[in-house]
Amino acid sequence: METTGENHPVYLQNPDVVVREVDEDGALLFNPDTNSIRVVNRTGLFIWELCEKGSDLSAMVAGLKKSFDQATEDEMPEQVKTYLAELVQNGFLGQEGNEVLSSESEERKR
Amino acid sequence: MAALSDLSTAQWHEVFERLGALGIMDATLTGGEALIRTDFFELVDSIIANRMRYSLLSNGTLFTQALIDKFKTGKRFQRLNSIQISIDGSCAKVHDSHRPHSFDRAIRGLRLLKAHGFPLTVRVTMHPDNVEDLEATARLLLEDVGLPSFTTNEAFPMGAGCGNEGTTCLTPMRQLEAMRVIAGLQARYPGRIGAQAGPLVKRRMFAEMEEARATGNKPTRWVMGYLTGCGCVFSKVDILHDGTVVPCHVLHRLVLGNILTDDLGEIWRSHPTLKALRKRRAIPMKEVPGCEGCEWAEFCNGSCPGLAHELTGDFNRANPEDCYRHFIEETGGIHAL
């Protein structure tokens, strides 16, 4: 798990979500529980991959600044926070301690 | 219960693992009757474990309260896209004429599913013995059972059914009659009767062909003048009971491989037959054998390649069952409505 140790929730991928890499510019996330699809660009895919083992907002922002030249300083934390909230709301991500994970998913994680 | 050539439970588990690994999102279980397999829910759970959703096509006869309860276990209900039940008539006499001894059980199953809030669709397959019953069928489904909608199709000649075309398929005159009845029902039940094929779709397409020919204005919803009648090969393949992979159930003679021994991803990306099926959209109708001199070629799309292949042996032909020139010769055309 990647975290800065600050008091931010840690975001985790919902292991039931299927990621289909479309091309170098992004991917498609499919949540079979809600039958919803989310198209993500390279930045979104980067964030998604950080959440595989868990990551909090500060670590994500730091990673984005390091990996993307165009990342702007001031607005990024709020933008990422909004983006994460949307992914959580639609069941693509969970928050540590508050994951909505099925028994099959837990089994598969093991 | 499974026929000797059906894949075993373990083999289906392997199939679903392969599909899941490829990022497949939806699986549709059909038959025969899929519910007859005693391992049905094991297969559903395998689909769920491999991060897919599923749909079921059924004759509806096997649904009981006990079966409903099983569907409510785990994520079986949550991951269910829909259950499609076949109802071909308003009474046993009509429905059972082509689906023997099944009407009462099918309707009981339908009502049970409806009462328990299942995502339901009903398909009415039209044939020579149920056109006159369609109004009563619509009343049963939409008013009595209370479904929001149903869809229609028509029986078509395929496989062993090719020898029974006279008793199973609509003649052009019966199609015209079906179009007339459906038009009346659509006026009575706006937005509640749909179709992806069959008389309802033909009526709309034939009318648009007439309109385009008369005005020069072609619709934007579909492409006229080329073999564009099918988009299935861009979004799905069928896996038969024994693992054989085919482009779709209508193109069941075109074997692409076997799901257990061949790489489905490679088949999807590179199989010459699938590539050829996808390229048929670029073939102008006026170059299609049998359609060269047809005055409607510029306005036609050749319809289903599966039936074209079944009836002519070549999927790059037009489906003779949906030929508007033939329809006009037999009925006088859509204006006869």
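The shown structure was predicted, so the numbers you read here are calculated from the model rather than taken from an experiment. (Residues numbered from 1 in each chain as written. Chains lettered and ligands numbered in written order. Predicted model: local features only at pLDDT ≥ 70, side-chain atom pairs only at ≥ 80, totals over all residues.)

### A word on the overall build of chain B
Helix and strand counts for chain B come out as 13 helices and nine strands. Relative to the compact-globule value of 20 Å for 337 residues, chain B shows a C-alpha radius of gyration of 21 Å, a close match. Each principal axis of the C-alpha distribution contributes one length, and for chain B these read about 55 × 50 × 35 Å. Here chain B holds 337 residues, and 35% of them are scored as buried. Long-range contacts, defined as pairs at least 24 residues apart, comprise 70% of the intrachain contacts of chain B with a sequence gap of at least 6. (Helix = DSSP H or I, 4+ residues; strand = E, 2+ residues; numbered from the N terminus. Rg over C-alpha atoms; globule rule 2.2 N^0.38 Å. Buried ≥ 20, exposed ≤ 12 C-beta atoms within 10 Å, placed from the backbone. Contact = placed C-beta atoms within 7 Å.)

### A word on the confidence of the model for chain A
Residues and elements named next belong to chain A. Across chain A, the average pLDDT comes to 82, with 79% of residues at or above 70. When the elements of chain A are averaged for pLDDT, helix α4 (residues 103-109) gives the smallest value, 45, and strand β1 (residues 10-13) the largest, 96. Note on residues 101-110: pLDDT is under 50 here. Beyond four places in sequence and across chains, it has twelve contacts. (pLDDT = per-residue confidence, 0-100.)

### Concerning helix α1 (residues 9-21) of chain B
Count 3.6 residues to each turn of an α-helix, and residues three or four apart come out pointing the same way. Residues and elements named next belong to chain B. The end-to-end C-alpha distance of α1 is 18 Å, a good match for the 18 Å that 13 residues give at a rise of 1.5 Å each. Looking at α1, one finds that the buried residues are W12, V15, F16, L19 and G20. Taken around the axis of α1, the buried residues stretch over an arc of 135°, which confines them to a single face. Those residues of α1 that are buried are in contact with β1 (26-29), α2 (40-49) and β7 (238-239). Two residues or fewer past α1, G23 is found with a positive phi of approximately 80°. (Expected span 1.5 Å × (residues − 1). Arc of directions from axis to C-beta.)

### Here we look at the sheet that holds strand β6 (residues 93-95) of chain A
Residue and element names in this part refer to chain A. A sheet is described by the order of its strands in space; here three strands give the open sequence β5-β1-β6, paired in antiparallel fashion. The sheet terminates laterally at β5 (55-56) and β6, the two strands that pair on one side only. As judged from the two bridges shared by β1 and β5, these two strands associate in the antiparallel manner. The partner of Y11 across the bridge, within β5, is S55. (Pairing = 2+ DSSP bridges.)

### Re the sheet that holds strand β9 (residues 257-258) of chain B
Residue and element names in this part refer to chain B. Read from one edge to the other, the open sheet built from three strands follows the order β7-β8-β9, with strand pairing classed as antiparallel. At either end of the open sheet lies a strand with only one pairing partner, and these are β7 and β9. In this structure, β7 lies alongside strand β8 (residues 244-246), joined through two bridges in antiparallel fashion. Residue pairing across strands places D238 opposite V246, the latter belonging to β8.

### Description of unusual backbone geometry
Residue and element names in this part refer to chain B. In this chain, G31 is followed by G32 through a cis amide linkage whose omega measures 5°. Its location among the elements puts G32 in the loop between β1 and α2. Phi at H101 is positive, roughly 55°, even though this residue is not glycine. Along the chain, the position of H101 falls in the loop between α4 (92-95) and α5 (103-115). Looking at H101, the number of C-beta atoms within 10 Å reads 9, which means it is exposed.

### Some words on the interface of chain A and chain B
With nine residues of chain A at the contact, the number on the chain B side is ten residues. Residue composition of the side of chain A that touches chain B, grouped by class: three nonpolar, two polar and four charged. (Nonpolar A, V, L, I, M, F, W, Y, C, P; charged D, E, K, R; others polar.)

### A look at the packing of helix α1 (residues 42-50) of chain A against helix α2 (residues 57-67) of chain A
All names here are of chain A. One way to put it is that α1 packs onto α2 with a least axis distance of 11 Å and a crossing angle of 135°. By the angle class used here, α1 and α2 are oblique. Considering the relative orientation of α1 and α2, their crossing is right-handed. Residue-level inspection shows T43, F46, I47 and L50 of α1 in contact with α2, the latter providing M60, G63, L64 and S67. Looking at the contact of α1 with α2, its residues break down into five nonpolar, three polar and no charged. (Axes fitted to C-alpha atoms, helices over the stretch in contact; angles between N-to-C directions. Parallel < 35°, antiparallel > 145°, perpendicular 65-115°, else oblique. Left-handed = near helix turned anticlockwise from the far one by under 90°.)

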